[in-house]
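Working through the structure, step by step
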Amino acid sequence: MAGRLFTLEQARAEGVSASRLHAADVRPIARCLYAHGLDGPPCEAAVVAGLNLLHPTTCASHATAARLLGLYLPRRIAAETDIHLSRHRRLPPLDLRGIVNHRTPITADDVLVLRAPPQAPPGSHLQVIAHERTWLEMAARLTVTDLVVMGDQLLRLPRPGLERRNAPLATRETIAAAIKEHPQTPGIGRVRAAFERMRVGADSPAETRLRLAISAAGLPEPELQVRLDPADRYSPASDLGYRQAKVALQYDGYHHRSPEQLAIDNRRDLAFTQAGWTYLKFDWQDARTGFDRAIVLVRQALGASRGSA
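Quick look at the structure, then. Please read all numbers here as calculations on a predicted model, not as lab measurements.

Focus: the pattern of salt bridges
- For the structure shown, the criterion picks out 19 salt bridges.
- Notably, a salt bridge pairs Arg209 with Asp146, separated by 2.6 Å at the nearest N-O pair. Highlighted residues: Arg209 in helix H9 (residues 205–216) and Asp146 in helix H6 (residues 144–155), separated in sequence by 63 residues.
- Judged by its relative accessible area of 30%, Arg209 is partly exposed.
- On the basis of relative accessibility, which here comes to 7%, the residue Asp146 falls in the buried class.
- For the salt bridge of Asp252 with Lys281, the shortest nitrogen-to-oxygen distance reads 3.0 Å. With a gap of 29 residues between them, Asp252 in the loop between strand S11 (247–251) and helix H10 (259–274) and Lys281 in strand S12 (residues 278–282) connect regions that are remote in the sequence.
- With a relative accessible area of 34%, Lys281 lands in the partly exposed category.
- The network of salt bridges with shared partners includes Arg156, Arg159, Glu163, Arg165 and Asp203.

The structure is reproduced here in structure tokens:
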């Protein structure tokens, strides 16, 4: 069992003595859960899988579920190390040191069973609260804007051939059903406000924040994934834009700095400008300042478009 976690029961089954569990290369992780031969702390997913194995009625939830599912979280929460576990409220609370325990109604539809990482104990798996319910649970700690960012991520359509999945993580219908099922969720007012602002088509948190900043400034809400030729699915597309005004908006994140991506971006940029569009590009500096410059430029572009109409 070197290089992974194991339970006390598994150690006993292998004939491991009690004294061996106190050796320098064995580290206690939680009650009845140990790590053997790891250079550093075990990954969060492995610890959760071990706890699920020891306590089958538990599920990773709240911020822990969001991290395991790869969902957007503000940096302050993404960096936390607390492990959140939920079990049905009819069951007694668990006495687990260092674990944030939650008791809540849980149905089979609320739980995803995922493959455990290599560091996890033999025979374990990950039990995680599903995407829609995790989004609801985070309402107690997230702003409306952060909830919209995470919600847009849930609704985003994966890129064909570039991702392992071919369906969104959730739909407006499944999220609406979760809201209806849990009307007493802490922060339910923020949930409902965020749900109304969520859209399909944002590929990054920054794109969502750009759209929200534009709308908050009183400007028309831009469309998402605006193709130069709507009839051609291979036509260049901008992240946001106004088709009637022929104004395209692009947010270029860090991945746009590679030579390959720059070449693709340059062809896209040229296609829009040659077609007579006003083409505006923004980056991390605009995001850091709340997209103030973007709001000014979008307002000017839309005003110029109306003036020439």
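Having seen the model, we can carry on.
Re helix H7 (residues 172–181)
- Those residues of H7 that sit buried are Ile175, Ala178 and Ile179. Projected onto a plane normal to the axis of H7, the buried residues spread over an arc of 100° and lie on a single side. H7 presents Glu173, Lys180 and Glu181 as exposed residues on the side facing more than 90 degrees away from its buried surface.

Here's the deal with the environment of Thr171
- Within the element layout of this structure, Thr171 appears in the loop between H6 and H7.
- Taking the C-alpha atoms as reference, Thr171 lies 20 Å from Val113; in sequence the two are 58 residues apart.

Examining the sheet that holds strand S1 (residues 4–7)
- Read from one edge to the other, the open sheet built from three strands follows the order S1-S3-S2, with strand pairing classed as antiparallel. At either end of the open sheet lies a strand with only one pairing partner, and these are S1 and strand S2 (26–30). Neighbouring strand axes in the sheet, compared pairwise and without regard to direction, differ in orientation by 35° on average.
- Note that S2 and strand S3 (residues 33–36) share four bridges and pair antiparallel. Residue Arg27 lies in a different strand from S3, and its bridge partner there is Ala35.

Thoughts on the nonpolar core
- Judged by nonpolar contacts, the single largest core of 47 residues is most densely connected at Trp135, Met150, Ile175 and Ile179.
- The greatest single-element share of this core, amounting to six residues, is contributed by helix H2 (residues 44–54).
- Every residue in contact with Trp135, bar those within four places of it in the chain, is listed here: Leu147, Met150, Gly151, Leu154, Ile175, Ile179, Val191, Ala194, Phe195 and Met198.
- Formed by 19 residues, the second largest nonpolar core is a distinct cluster that contains Leu210, Leu219, Tyr242 and Val298.

Concerning the environment of Arg4
- Note on placement: Arg4 falls in strand S1.
- Since its relative accessible area comes to 26%, Arg4 is described here as partly exposed.
- Sequence separation between Arg4 and Arg199 is 195 residues, and the spatial gap between their C-alpha atoms is 41 Å.
- Beyond its immediate sequence surroundings of up to four residues, Arg4 is in contact with Tyr34, Ala35, His36, Leu38, Pro118, Gln119, Ala120, Pro121 and Pro122.
- Only 2.9 Å separates the side chain of Arg4 from the backbone oxygen of Ala120, close enough to count as a polar contact.

With respect to the side chain of Asp239
- Relative to the elements of secondary structure, Asp239 occurs in strand S10 (residues 237–242).
- There is no salt bridge for the buried Asp239, and the closest opposite charge comes from Arg159, which lies 5.8 Å off by N-O distance.
- A polar contact of 2.9 Å, which involves the side chain of Asp239, links it to the backbone nitrogen of Tyr251.
- Discounting chain neighbours no more than four positions away, the residues touching Asp239 are Glu207, Glu223, Leu224, Gln225, Leu249, Gln250 and Tyr251.

Re the packing of aromatic side chains
- Following the criterion strictly, the structure yields four aromatic pairs and no others.
- Ring plane angle 15° and centroid distance 5.6 Å describe the contact between Phe6 and Tyr34, whose orientation is recorded as stacked. Here Tyr34 lies in strand S3 and Phe6 lies in strand S1, a separation of 28 residues in the sequence.
- For Phe6, a relative accessible area of 4% corresponds to the buried category.
- A residue is classified by how much of its surface remains accessible, and Tyr34, at 15% relative accessible area, is buried.
- Taken together, a centroid distance of 6.2 Å and an interplanar angle of 70° make the contact between Tyr251 and Phe291 edge-to-face. Here Tyr251, found in strand S11, pairs with Phe291, found in the loop between helix H11 (284–288) and helix H12 (292–308); they are 40 residues apart in sequence, far enough to count as distant.

What counts and what doesn't
- Residues numbered from 1 in each chain as written.
- Predicted model: local features only at pLDDT ≥ 70, side-chain atom pairs only at ≥ 80, totals over all residues.
- Heavy atoms only, no water.
- Salt bridge = Lys/Arg side-chain N within 4 Å of Asp/Glu carboxyl O.
- Helix = DSSP H or I, 4+ residues; strand = E, 2+ residues; numbered from the N terminus.
- Buried < 20%, exposed > 50% of the residue type's maximum accessible area, 1.4 Å probe, protein only.
- Arc of directions from axis to C-beta.
- Pairing = 2+ DSSP bridges.
- Axes fitted to C-alpha atoms, helices over the stretch in contact; angles between N-to-C directions.
- Core = buried A, V, L, I, M, F, W, Y, C linked by side-chain atoms within 4.5 Å.
- Contact = heavy atoms within 4.5 Å.
- Polar contact = N/O pair within 3.5 Å; in protein donor to acceptor, adjacent residues only side chain to side chain.
- Lys, Arg positive; Asp, Glu negative; His and termini not counted.
- Phe/Tyr/Trp six-rings, centres within 6.5 Å; stacked < 30°, edge-to-face > 60°.

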